[in-house]
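# Per-entry structural report
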Amino acid sequence: MRKKLGVVIASMLLLGTAAGCGSNDKAGSGAESSASSASQQASPNASDTGGEQSAPADGADSEAFTITVSSWNLADEPLGIVKAYREAFENVYKQKYLNATIKYNNTPGDKYFDLLKAQLASASAADVIQFQPSHLPMFTTAGFLADLSDLSLVSSLEGAMKTEVTYQDKVYAIPFDISTNGVWYNRKLFEDNGVTPPATWDELLAVADKFKGMGITPFAGGFKDAWVSSMTVKTFTMNDYSSPTFEEEVYNGSKKLNGPEMQATFDKLQLFYDRGYFGPDAMSNGWDLQRKAFEDGKAAMIIHGSYIAGLVNSEMQDKGGMETGFFPLPNDDGAPVLSVGSDTLTGVNAKTPNLQRAKDLVAAMHDAEAQTIRDKDAGVFPALKGIDIEYKELGNHDFQRALAETDSLLGGQYVPASVYDVYGKLFTKIMAGKTFDPAWLDEADQAYAQDKSLLPPPGQ
Amino acid sequence: MYAGKKNGLVEWLFVAPALIPFLIFVVWPFVSSLYYSMTRWNGFTSPVFIGFDNFGRLFREASFVAALSNTIVFTLAGLLISNVLSLLLALALNRAGRSKAVLRTVFYLPGVVSFVTMAVVWSSIYHYYGPINEILIRLGLESWTREWLGNFDTVMAALIIIMVWSGVGFGVIVFLAGLGSIPADLYEAADLDGAGAFAKFRYVTFPLLMSSVTIVTFLGLTTSLKIFDLPFLMTNGGPGDASTTLAMLIYKQAFSYSNYGYASAGGIVLFVLVGFISLLQIKATRGREVQL
Amino acid sequence: MGMRIAQAAVMLLALLFLAPFLLFFLNTFKDKDHIYDTFHMPNLLYWDNYSRMFATSDFIPSLGYTILICLFTLLIIVLFSSMAGYIISRTRNRWISSLYLLFAAGQIVPIQTSMLPIYKIGVATGMINTAPFLILVYVAGGCAFATLLFAAFTRTIPEALEEAAAIDGCSRAGIFARIILPLLRPAAATIVVTTIYWYWNDFTGPLIYLNSGEVSPLMMTVYKFMGTNNTVDWGPVYALCFMSALPMIVFFLLTQNRLLKGLVVASVKG
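Computed from a predicted model, the values in this text were never measured in an experiment. (Residues numbered from 1 in each chain as written. Chains lettered and ligands numbered in written order. Predicted model: local features only at pLDDT ≥ 70, side-chain atom pairs only at ≥ 80, totals over all residues.)

All right, on to the overall build of chain A then. From N to C terminus, chain A includes 19 helices and 13 strands. Within chain A, the proportion of its 460 residues that are buried is 62%. Counting only contacts in chain A whose residues sit at least 6 apart along the sequence, the fraction spanning at least 24 positions is 85%. (Helix = DSSP H or I, 4+ residues; strand = E, 2+ residues; numbered from the N terminus. Buried ≥ 20, exposed ≤ 12 C-beta atoms within 10 Å, placed from the backbone. Contact = placed C-beta atoms within 7 Å.)

Here's what the structure looks like:
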């Protein structure tokens with residue numbers, strides 16, 4: 001369920017108060033982690049990690065029991081990738097627990113999170129639960145999550161990926177993937193027209209103008225879906241943060257969300273609207289039609305996360321596939337910043353009667369081989385170091401390179417979900433033809449003031 | 001005819017099966033939300049009592065005010081259009097003869113289909129490359145084309161059309177039923193008095209239809225004041241806050257932002273609003289009803 | 001002349017009302033490349049969307065499950081609220097007769113803030129994620145509305161009938177079962193034909209209260225199918241939507257006269 005992958009991004013309010021990843025060094029550690037998990041070099045640890053998780057048969061447990069997993073993205077989909085992944089990690093798990101039955105509660109969409117909260121609040125959630133970084137502060141402070149610090153997987157977590165799942169020095173979840181948003185482009189269209197990926201803001205505008213002149217929409221729009229509009233704004237905001245610690249400064253009150261930084265972002269979005277870069281159907285499309293415009297070559301570029309290359313290639317399979325490319329959204333001086341984070345976290349319900357079994361299931365779900373099956377064709381990038389995947393899409397190679405080479409930070413770590421909803425809403429106002437007024441951002445500032453108490457205090 | 005203690009017990013036993021589930025699943029959640037509305041509570045940890053702060057915050061917030069006014073627009077427009085349109089249709093159908101049954105079916109049909117399934121179709125109808133714009137272009141009215149749901153001027157009208165489409169059939173049937181129950185001799189008497197068609201409508205039909213008006217209005221009120229699915233599925237309240245309703249705002253605050261106490265306060269305001277308007281309406285229309 | 005114009009206007013409006021259904025129906029026959037093309041006339045012999053839908057969704061078991069849920073819900077509502085409606089319209093006890101107002105007030109409670117407390121009740125009783133729990137939640141809300149209607153219908157039954165039976169030594173329950181209940185049959189039919197659509201089309205209820213079974217109710221299946229088939233190929237989704245709407249369309253066609261008659265009584269005596 002890709003839709004969910006994006007919602008994540010739209011509502012990221014990550015938690016990171018870990019030692020070893022001080023709040024004043026977010027950008028550096030984020031980049032470091034991106035580099036390590038996206039690196040092409042084979043890690044000798046990969047097979048070790050896998051071996052450790054699939055415990056040898058002599059320690060096997062033959063008791064019959066049922067363990068439950070709830071998620072929004074473990075259901076069968078038409079490509080059969082998820083099913084193959086499930087079978088792979090079930091096999092790993094059953095080496096240790098011969099007679100285990102794994103039961104899945106899968107609910108697609110935003111509704112899954114509504115339901116999960118109700119289940120946790122009434123101690124009726126599944127043994128193993130998947131959720132998003134934005135939920136972690138609330139779930140840990142309420143005592144819903146078991147401490148996973150002793151899982152051997154934790155040693156494969158580094159930098160931002162570790163910060164994201166750590167709360168008061170303990171690890172409460174394992175990130176399944178690492179993701180960032182940027183610009184994906186139609187490789188053939190670029191090559192046929194002699195266009196190379198732009199490195200600066202002005203170059204980007206020139207590329208957009210060129211396609212517009214040819215009657216091709218520069219950027220596919222899909223802003224009928226709220227998560228797409230707030231994700232798009234978020235992708236723009238990173239370049240306008242005046243410093244890597246911008247979000248901490250907002251928390252401490254020295255910067256404001258209605259200040260010059262966010263105004264700059266919305267000025268850029270206004271410019272995109274004024275020049276018609278998103279096309280006339282941007283507000284009519286949901287994210288399916290947005291992708292279709294990109295796949296049909298009616299739009300040259302699309303702003304989204306890691307999943308695009310694998311997804312459009314598989315959707316275009318009957319027409320010979322589709323090659324894409326990726327570049328970070330450029331800024332003025334050619335040194336953009338990416339917001340890096342995970343879309344899917346796996347944790348253990350603190351109230352489970354099967355604590356060890358649940359922890360072992362989390363380990364099996366992150367087994368290197370199983371994860372490779374899940375990730376390879378779907379364009380998911382593993383968050384654990386040492387899992388090395390050779391992607392077939394050129395766009396994914398671009399993506400890995402961008403992750404490794406670009407400055408990044410855990411964007412949205414100190415921003416409540418309601419603020420991103422306000423951003424998305426303001427963006428749709430621009431798209432509906434109203435001209436941006438800096439006073440609009442006061443609403444973001446108010447939402448921030450009201451929901452600030454949901455955030456973990458930075459720099460502990 | 002029935003009296004005594006024993007009979008009192010029997011009567012309570014008769015109402016208990018309907019009353020008990022109602023108390024547990026309707027009254028109790030509502031009463032507990034009265035308490036939660038005065039707390040800061042995320043649904044998990046213990047609620048913190050904060051008095052009436054949530055209510056003050058509601059009326060300070062621009063999005064709440066926008067949601068309130070959108071809800072009122074939905075309600076007024078919905079009531080006016082569905083009452084007038086369904087009455088006109090019922091009057092026309094009442095004389096339509098053989099095609100009456102078929103037409104009645106056609107107008108009621110949208111009401112029996114789930115909105116989960118129809119949202120897909122309506123989105124494609126209002127799409128920029130959808131049939132409405134295509135027809136406009138063929139008529140040479142290209143300047144009229146727009147994104148119907150992505151535009152401040154048209155989004156509410158577009159949603160109200162869907163609301164009327166799915167709700168008008170109920171009104172038609174109620175009015176048809178009302179028309180069918182008016183005795184023919186009243187019209188004959190009016191004919192003898194030399195009344196014209198309009199006079200007959202004004203002095204016979206309309207007064208006798210007041211109880212139908214009460215039903216259509218009450219149900220229209222309670223559904224449109226609580227309207228949720230339609231904007232939630234079609235526009236998610238956008239663009240901006242242009243189609244956000246109170247029920248949507250409450251849902252989002254409760255489930256997306258975990259501001260459960262604040263959402264409960266919104267729920268109380270909505271309850272008071274619906275209750276107050278319904279009482280007004282019942283007073284207004286009931287007073288005009290004529291009993292045969 | 002004026003009449004002709006009015007007739008033509010009504011016909012035109014009727015066609016407009018049907019247009020979304022027509023588009024809906026035709027889309028189920030369109031292939032991937034034409035599904036977004038409104039005016040493309042599809043090949044009505046293209047059944048690929050249906051066969052793929054049947055192969056990959058739980059349509060048949062979900063259909064059966066939904067029918068069972070609706071059946072039990074409506075049976076219980078009719079039984080419970082006919083009893084309550086009868087007493088409420090006949091009682092001299094002020095507490096009981098004021099229940100009428102309580103049930104009416106229940107119609108205006110917004111459900112968004114009730115969902116979490118109801119969920120907690122389900123967990124506390126261990127009934128969450130069972131069909132009986134969902135049915136109970138439906139009954140709680142549905143009885144309020146149905147009781148109001150039954151009370152209105154009961155007022156149309158002359159009390160003399162009961163008095164005669166009471167003199168013959170009939171108990172209150174006996175009077176209800178032998179005299180009142182048979183006379184309330186039209187009211188019961190009205191309840192069924194006006195409210196079955198709520199339960200059939202509801203998806204928030206199953207989503208929150210009946211979520212983890214092997215089989216889910218129809219609208220939930222539709223919702224899940226949309227979620228997991230979120231590709232640019234909407235054909236099978238349209239096919240599933242259409243098949244889930246069809247039973248209610250057929251049901252309405254078969255029962256519309258009943259609906260009209262019931263409303264005549266309700267609107268005159270309501």
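Now, onward.
Residue and element names in this part refer to chain A. Of all five residues in strand β7 (residues 182–186), five are buried; the element is thus mostly enclosed. Alignment of β7 against strand β9 (residues 299–304), held across four bridges, turns out to be antiparallel. Paired with Y185 across the bridge in β9 is M301. (Pairing = 2+ DSSP bridges.)

The residue after G238 of chain B, namely P239 of chain B, is reached through a cis peptide bond having omega -5 degrees. Tracing the chain through its elements places P239 of chain B in the loop between α11 (229–234) and α12 (246–256). Here Q168 of chain A, not a glycine, exhibits a phi torsion of approximately 45 degrees, which is positive. Taking the C-beta count within 10 Å as the criterion, Q168 of chain A has 13 such neighbours and is therefore assigned partly exposed.

Residues and elements named next belong to chain A. With respect to topology, four strands assemble into an open sheet ordered β8-β9-β7-β10, the strand pairing being mixed. In this open sheet, the two edge strands, each paired with only one partner strand, are β8 (217–219) and β10 (324–327). Across this sheet, the average inter-strand angle for adjacent strands is 25 degrees, counted without regard to direction. (Axes fitted to C-alpha atoms, helices over the stretch in contact; angles between N-to-C directions.)

What follows deals with the nonpolar core. Formed by 293 residues in total, the largest nonpolar core has its most connected members in V362 of chain A, V172 of chain B together with A84 and C143 of chain C. Among the elements that line this core, the one with the most residues is helix α7 (residues 131–154) of chain C, at 17 residues. Composition of this core by domain shows at least three residues from each of domain 1 (2–177 + 342–387) and domain 2 (182–339 + 416–454) of chain A. Beyond its immediate stretch of four places on either side in the chain, A84 of chain C contacts F14, V15, A18 and L19 of chain B together with C143 and T147 of chain C. (Core = buried A, V, L, I, M, F, W, Y, C linked by C-beta atoms within 7 Å. Domains from an automatic or database assignment.)

Listed as interface residues are 16 residues of chain C and, on the opposing side, 22 residues of chain A. Those elements that place two or more of their residues in the side of chain C that touches chain A are α6 (115–124), α11 (204–209) and α12 (218–228) of chain C. For the side of chain C that touches chain A, the leading source of residues is α6 of chain C, giving four residues. Per-class residue counts for the side of chain C that touches chain A are seven nonpolar, seven polar and two charged. (Nonpolar A, V, L, I, M, F, W, Y, C, P; charged D, E, K, R; others polar.)

Looking now at the environment of A188 of chain C. Residues and elements named next belong to chain C. Here A188 is to be found in helix α10 (residues 185–201). Taking the C-alpha atoms as reference points, A188 and S171, 17 residues apart in sequence, are found 23 Å from one another. Residues in contact with A188, not counting those within four places in the same chain, are V78 and S82.

Residues and elements named next belong to chain A. Here five strands make up an open sheet; going across it, the order is β2-β1-β3-β12-β6 and the pairing mixed. Bordering the open sheet on either side are β2 (100–106) and β6 (174–175), each of which pairs with just one other strand. With two bridges connecting them, strand β1 (residues 65–71) and strand β3 (residues 128–131) associate as parallel partners. Its bridge partner being in β3, V69 is matched across the sheet by V128. Each of β1, β3, β6 and β12 (345–348) touches helix α15 (residues 355–365); the most contacted strand, β12, lies at about 165 degrees to it.

Before going further, it helps to examine the interface of chain C and chain B. Taken together, the contact pairs 68 residues of chain C with 70 residues of chain B. The leading source of residues in the side of chain C that touches chain B is helix α13 (residues 235–269) of chain C, at 14 residues.

Moving on, we get to the packing of α12 of chain B against helix α13 (residues 260–286) of chain B. Between two packed helices, both the angle of their axes relative to each other and the distance between the axes serve to describe the pair. All names here are of chain B. Look at α12 against α13: their axes get within 7 Å of each other, and the N-to-C directions meet at 160 degrees. Taken together, the axes of α12 and α13 are roughly antiparallel relative to one another. Handedness of the α12/α13 crossing: left-handed. In this structure, α12 contributes L246, A247, L249, I250, Q253 and A254 to the contact, and α13 contributes Y260, Y262, A263, G266, G267 and L270. For the contact of α12 with α13, a count of residues per class yields nine nonpolar, three polar and no charged. (Parallel < 35°, antiparallel > 145°, perpendicular 65-115°, else oblique. Left-handed = near helix turned anticlockwise from the far one by under 90°.)

Moving on, we come to the pairing of β9 of chain A. All names here are of chain A. Counting buried positions along β9 yields six of six residues, so the element is predominantly enclosed. With two bridges joining them, β8 and β9 adopt parallel strand pairing. Bridging across to β9, T217 finds its partner in A299.

Shape is all these values report; function is a separate question.
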